[in-house]
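# Understanding the architecture of this molecule
Chain by chain, the residues:
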Amino acid sequence: AQSVTQLGSHVSVSEGALVLLRCNYSSSVPPYLFWYVQYPNQGLQLLLKYTTGATLVKGINGFEAEFKKSETSFHLTKPSAHMSDAAEYFCAVSEATGGFKTIFGAGTRLFVKA
Amino acid sequence: EAQVTQNPRYLITVTGKKLTVTCSQNMNHEYMSWYRQDPGLGLRQIYYSMNVEVTDKGDVPEGYKVSRKEKRNFPLILESPSPNQTSLYFCASSSPRNYEQYFGPGTRLTVT
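The text that follows walks through the structure, step by step, so that each part is easy to find. Counting restarts for each chain, with residues numbered from 1 along the sequence as it is written. Each chain takes a letter, starting from A, and each ligand takes a number, starting from 1, following the order in which they are written. Only residues with pLDDT of at least 70 get local features here, since the model is predicted, and only at 80 or more are side-chain atom pairs given and counted; chain-wide, interface and lining totals rely on the full set of residues. Side-chain figures throughout are based on the complete set of non-hydrogen atoms in the structure, without hydrogens or water.

### Some words on the interface of chain B and chain A
Our working rule: Any two residues having at least one pair of non-hydrogen atoms within 4.5 Å are treated as being in contact. Once two parts are put together, the accessible area they lose, assessed with a 1.4 Å probe and summed over both, is termed the buried area. Within this document, salt bridges are pairs made up of a side-chain nitrogen of Lys or Arg and a carboxyl oxygen of Asp or Glu, the two lying within 4 Å of each other. N or O atoms closer than or at 3.5 Å make up a polar contact, with two conditions inside protein: a donor-capable atom paired with an acceptor-capable one, and, for residues adjacent in sequence, both atoms drawn from side chains. Residues were grouped as follows: Ala, Val, Leu, Ile, Met, Phe, Trp, Tyr, Cys and Pro as nonpolar; Asp, Glu, Lys and Arg as charged; and all remaining residues, including Gly, as polar.
Across the contact, 23 residues belong to chain B and 23 residues belong to chain A. Carbon and sulfur atoms make up 60% of the surface buried where chain B meets chain A, a total of about 1,900 Å² over both sides. The tally of links between chain B and chain A comes to 2 salt bridges. At the boundary of chain B with chain A, the tally comes to 5 residue pairs in polar contact (both at pLDDT 80 or more). Of the residues in the side of chain B that touches chain A, the class split is 11 nonpolar, 10 polar and 2 charged.

Spelled out as structure tokens, the structure:
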């Protein structure tokens, strides 16, 4: 069975500081991993994804994430936070062997202080 | 423009009154899915469909029905809504080649 754990329901950083949002997953089959962002009163938008190949993936708005199989982690980072990054971020896992069952984490709300 | 549309965007109804939330996508995606979003719980998958006439339960299917008679449409049906179905609902579509999901704008449902 799949599961996703996002450590920290709220994360606060100063503008210009490193952003680190943590995600650990469990999956009995090779996973596809995703980070989505949700701005207030909007739907979700894909930030980046890992399916196969390179374990360091780059996404939009300067975000990147690294798939670490040994640690079952897919942490999201950005070197320098911007005020516009304030949003809720969701990690998700889908099974890569067929089916479309997708599990989302509970979300992490990112606050950026001026 | 590639998009997923949902209607209505807001709905207030009473317990037991059947309702349907429509979802349509224009990207010719095989996969479609319904989620509900509740504070502190993230998104939970209700039902998903891998193609026309192929649907399967997600994690929280109780009290919901779906159908997939056409590739572009995937309506969510609540035959007898209850207050615990008050939530924000999202429809999403995806290609099986990359599983990248495109989300609709959401439907905020209140059941009194």
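Having seen the structure, we can now continue with the description.
### Points about the sheet that holds strand β3 (residues 19–25) of chain B
Residue and element names in this part refer to chain B. For the record, the criterion: Any two strands with at least two DSSP bridges between them are considered paired. In DSSP terms, a helix is any run of H or I states spanning at least four residues, a strand is any run of E spanning at least two, and both are numbered starting from the N terminus.
Ordered by their spatial adjacency, 4 strands build an open sheet running β1-β3-β8-β7, and the pairing between neighbours is antiparallel. Whereas interior strands pair on both sides, the edge strands pair on one side only; in this sheet they are β1 (4–7) and β7 (65–66). By the bridge criterion, 2 bridges tie β7 to strand β8 (residues 76–78) in an arrangement that is antiparallel. The residue bridging V66 from the neighbouring strand is L76, located in β8.

### Points about the sheet that holds strand β1 (residues 3–7) of chain A
Residue and element names in this part refer to chain A. As a reminder of what qualifies: Angular values range over 0 to 180 degrees, each being the angle between N-to-C directions of two axes fitted as lines to C-alpha atoms, with helices fitted over their stretch in contact.
Across the sheet, which stays open at both edges, the 5 strands sit in the order β1-β3-β8-β7-β6 with antiparallel pairing between neighbours. Only two strands of the sheet have a single neighbouring strand rather than two, namely β1 and β6 (56–58). In this sheet, adjacent strand axes meet at a mean angle of 20° when their direction is disregarded.

### Quick word on the nonpolar core
Rules: We define a nonpolar core as any set of buried Ala, Val, Leu, Ile, Met, Phe, Trp, Tyr and Cys residues linked to one another through side-chain atoms lying within 4.5 Å. Exposed residues in this analysis have more than 50% of their type's maximum accessible area, buried residues have under 20%, and partly exposed residues fall in between, with area computed by a 1.4 Å probe over protein chains only.
In this structure, A:W35, A:L48, A:F74, A:L76 and A:Y89 are the most contacted members of the largest nonpolar core, which totals 28 residues. Going through the elements one at a time, β2 (10–14), β3 (19–26), β4 (31–38), β5 (44–50), β7 (64–68), β8 (73–78), β9 (87–95) and β11 (108–113) of chain A are the ones with two or more residues in this core. Dropping the residues within four chain positions of it, A:Y89 is found in contact with A:Q6, A:L21, A:W35, A:Y36, A:V37, A:L47, A:F63, A:L76, A:G107, A:T108 and A:L110. If you look at the next biggest cluster of nonpolar residues, it comprises 19 residues, including B:V4, B:V66, B:L76 and B:L78.

### Some thoughts on the pattern of salt bridges
Residue and element names in this part refer to chain A. This structure, assessed with the given rule, holds 9 salt bridges over all chains. Between R109 and E88 there is a salt bridge, with the nearest N and O atoms lying 3.1 Å from each other. Placement of the pair is R109 in strand β11 and E88 in strand β9, with a sequence separation of 21 residues. Residue class for R109 comes out partly exposed when judged on its relative accessible area of 31%.

### So, unusual backbone geometry
Residues and elements named next belong to chain B. N7 connects to P8 through a cis peptide bond whose omega is -5°. Residue placement: P8 occurs in the loop between β1 and β2 (10–13). A positive phi angle is found at N28, which is not glycine, with a value near 60°. When you line up the elements, N28 lands in the loop between β3 and β4 (31–38).

### Considerations on the pairing of strand β5 (residues 42–51) of chain B
Residue and element names in this part refer to chain B. β5 sits mainly inside the fold: 7 of its 10 residues count as buried. As paired strands, β4 and β5 are joined by 7 bridges and run antiparallel to one another. The partner of D38 across the bridge, within β5, is G42. With antiparallel pairing between neighbouring strands as the criterion, β4 and β5 make up a hairpin whose turn holds 3 residues, including G40 at a positive phi of roughly 80°. Pairing of β5 with strand β6 (residues 54–57), which is carried by 4 bridges, proceeds in the antiparallel orientation. Considered in β6, the bridge of N51 is made with V54. Where β5 folds back on β6, the antiparallel hairpin that results is connected by 2 residues, among which E53 adopts a positive phi of roughly 65°.

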